[in-house]
Amino acid sequence: MELTVAQKLEALLHLQNIDSKLDEILKIRGDLPEEVQDLEDEIAGYQTRIGKFEKEIDVLDGEIEQHRLAKKDAEKLINKYKDQQMNVRNNREYDAISKEIELQNLEMELADKRIGEANSKINRKKDEIQGVQNTLSERKKDLDNKKKELDVITSENQEEEKRLIAEREKQAEQIEDRLLRSYTKIRSNAQNGLAVVLVRRGACGGCFNIVPPQRQVEIREKKKIIVCEHCGRIFADVEEVPLEKPKKIMADLRQ
């Protein structure tokens, strides 16, 4: 069954009231949820950095192993060439083998140099890991404290929040999708979270700009959905201001 405009506005206003109560609960938490999320992101970043350093160390360890194997191969060749030197037939063969031994000695020196350089890099990486781990430990303590603080605040309003969320879901089902999308968009752009407002004392309840009398008449009639021409919020109704009691004339009180 198609709802009347008045019913649609009433449903929107009810949804707005629920959302405003939820906003108040979130306001109590302040910036804690964002601070917790920021700390979690920061910790994840540090953990990623440590993982990157560890992978780099693994690569360097692999290079060291390759250089050690190359050094062993050079040692074997040197021993082989020395044995060959014992059986040379002339000086020319002896000099050629001597050059090969010299070359392999250079290979061993180069391997030692590369191993030393890799070990130095590993030590620097380990120092960097230690520094990050120290910072990570501090941030984890900060996160634990923030989470405990947030848990205390959340637990105080947990039941009320669950009730409001359930009520909101039920209320949102009563509003057509197009209107609900418009409501959500207006609300997301409003600093105070108000998408549906009343006209109070002749002004918009959201931006406080004056609403012309003729427009107020149209809002009261509820024949169509009317939005504020200044802020785009939906007008649900015009708040009736109770008339002040007539002041008694002082002359009447005199006797």
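- Going by the annotation in an unreviewed UniProt entry, the name recorded for the chain is C4-type zinc ribbon domain-containing protein, with Xanthocytophaga flava given as the source organism.

## Some words on the UniProt feature "coiled-coil region" (unreviewed entry) in the chain
Piece 1. Taking the numbering used here, the UniProt-annotated feature "coiled-coil region" (unreviewed entry) corresponds to residues 36–178.
Piece 2. In the segment residues 36–178, helix accounts for 94% and strand for 0%; the C-alpha atoms at its two ends are 35 Å apart.

## Quick word on the layout of surface pockets
Piece 1. In this structure, the largest pocket encloses a volume near 150 Å³.
Piece 2. Lining the largest pocket we find S20, D23, E24, L26, K27, N192 and L194.
Piece 3. The residue makeup of the lining of the largest pocket, split by class, is 2 nonpolar, 2 polar and 3 charged.

## A closer look at the UniProt feature "domain: C4-type zinc ribbon" (unreviewed entry) in the chain
Piece 1. UniProt annotation of "domain: C4-type zinc ribbon" (unreviewed entry) refers to residues 203–234 when read in the numbering used here.
Piece 2. Within the segment residues 203–234, helix and strand shares are 28% and 9% respectively, and the terminal C-alpha atoms sit 13 Å apart.

## Section: the environment of N17
Piece 1. In this structure, N17 sits in helix 1 (residues 5–29).
Piece 2. Overall, N17 belongs to the partly exposed group, its relative accessible area being 41%.
Piece 3. Here the alpha-carbon distance between N17 and L194, two residues 177 residues apart in the chain, equals 9.1 Å.

## Focus on the packing of helix 2 (residues 32–85) against helix 3 (residues 91–172)
Piece 1. For the pair helix 2 and helix 3, the least separation of the axes is 7 Å and the interaxial angle reads 165°. One finds that helix 2 runs roughly antiparallel with respect to helix 3. The interaxial crossing formed by helix 2 with helix 3 has left-handed handedness.
Piece 2. When its residues are assigned to classes, the contact of helix 2 with helix 3 shows 29 nonpolar, 10 polar and 25 charged.

Rules used in this analysis
Residue numbers restart at each chain and count upward from 1, following the sequence in its written direction. This being a predicted model, a pLDDT of at least 70 is required before a residue's local features are given, and a value of 80 or more before pairs of side-chain atoms are given or counted; all residues contribute to the totals for chains, interfaces and linings. No hydrogens and no water enter the side-chain calculation; it runs on all heavy atoms of the structure. UniProt positions are given in the numbering used here, feature names are shortened, and annotations may be inferred rather than shown by experiment. A run of DSSP states H or I qualifies as a helix once it reaches four residues; a run of E qualifies as a strand once it reaches two. Both are numbered from the N-terminal end. Here the term cavity refers to a set of points on a 1 Å grid, laid over the protein atoms alone, in which a 1.4 Å probe fits but cannot get out; the term pocket refers to an open set having protein on both sides within 12 Å along at least five of seven lines, with lining residues being those that place an atom within 4 Å of a point. Grid points are joined across faces, edges and corners, and a volume is the space filled by probe spheres set on the points. The residue classification treats Ala, Val, Leu, Ile, Met, Phe, Trp, Tyr, Cys and Pro as nonpolar and Asp, Glu, Lys and Arg as charged. All others, Gly included, are polar. Only protein chains enter the accessibility calculation, which uses a 1.4 Å probe; a residue whose area is less than 20% of its type maximum is buried, one above 50% is exposed, and one in between is partly exposed. For every element, the axis is a line fit to its C-alpha atoms; helices are fit only across the contacting stretch, and the angle between N-to-C directions ranges from 0 to 180 degrees. Here the angle decides the label: under 35 degrees means roughly parallel, over 145 means roughly antiparallel, 65 to 115 means roughly perpendicular, and every other value means oblique. In this scheme the crossing of two helices becomes right-handed for a clockwise turn of the near helix relative to the far one and left-handed for an anticlockwise turn of less than a right angle.

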